Amino acid sequence: MTAYKYATLPGITREKPAGLPDRKAVAHAVERLRDLVRRSLLARICLATGDTPLWPLGADSGVDAAMVDDARRKSLREAWRGTLSRIDAIASANASSSPG
């Protein structure tokens, strides 16, 4: 099933494991997409906070270029995860578990 192929992480098999019912593969794909959206929103909110936000809500220019640059991407990731750590919510940045 194609849905499973797009729901996996890099380095993990891209094919549906033998014996996995299609409904579970679809459930996995949907859950993975939910997880990506949830963590993207968390990152966006965290990066827009503070006295000098790294990514203000009103200024989206240059974000694509920042995500391509390894050093800049790393600093943005450390910043949003740091914000979550300060409010004792770092566990929310972790990937959710796959549906059983």
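Described in the following lines is the structure provided in the data block. Fair warning: this is a prediction, and the values are worked out from it, not measured in the lab.

On inspection of all chains with the given rule, the structure shows 6 salt bridges. For Asp-35, the salt bridge identified is with Arg-32, shortest N-O distance 3.5 Å. A residue pair is termed a helical-turn pair when its members lie 3 or 4 positions apart in one helix, as Asp-35 and Arg-32 do in helix α2 (residues 22-47) at 3 residues. Three or more residues are tied together by salt bridges with common partners; here these are Arg-32, Asp-35, Arg-38 and Arg-39.

A separate point is the packing of α2 against helix α4 (residues 70-86). Packing of α2 against α4 brings their axes to within 9 Å, and their N-to-C directions diverge by 85°. Classified by the angle their axes make, α2 and α4 are roughly perpendicular. Mapping the contact onto sequence places Arg-39, Leu-42, Ala-43, Cys-46 and Leu-47 in α2 and Leu-76, Ala-79, Trp-80, Thr-83 and Leu-84 in α4. Across the contact of α2 with α4, the residue classes tally to 8 nonpolar, 1 polar and 1 charged.

Moving on, we come to the packing of aromatic side chains. All chains considered together, the criterion is met by 0 aromatic pairs. Lying over the aromatic face of Trp-80, Arg-81 brings its terminal NZ or CZ to 6.0 Å of the ring centre.

What counts, and where the lines are drawn
- Residues numbered from 1 in each chain as written.
- Predicted model: local features only at pLDDT ≥ 70, side-chain atom pairs only at ≥ 80, totals over all residues.
- Heavy atoms only, no water.
- Salt bridge = Lys/Arg side-chain N within 4 Å of Asp/Glu carboxyl O.
- Helix = DSSP H or I, 4+ residues; strand = E, 2+ residues; numbered from the N terminus.
- Axes fitted to C-alpha atoms, helices over the stretch in contact; angles between N-to-C directions.
- Parallel < 35°, antiparallel > 145°, perpendicular 65-115°, else oblique.
- Contact = heavy atoms within 4.5 Å.
- Nonpolar A, V, L, I, M, F, W, Y, C, P; charged D, E, K, R; others polar.
- Phe/Tyr/Trp six-rings, centres within 6.5 Å; stacked < 30°, edge-to-face > 60°.
- Lys NZ or Arg CZ within 6 Å of the ring centre and 35° of its normal.

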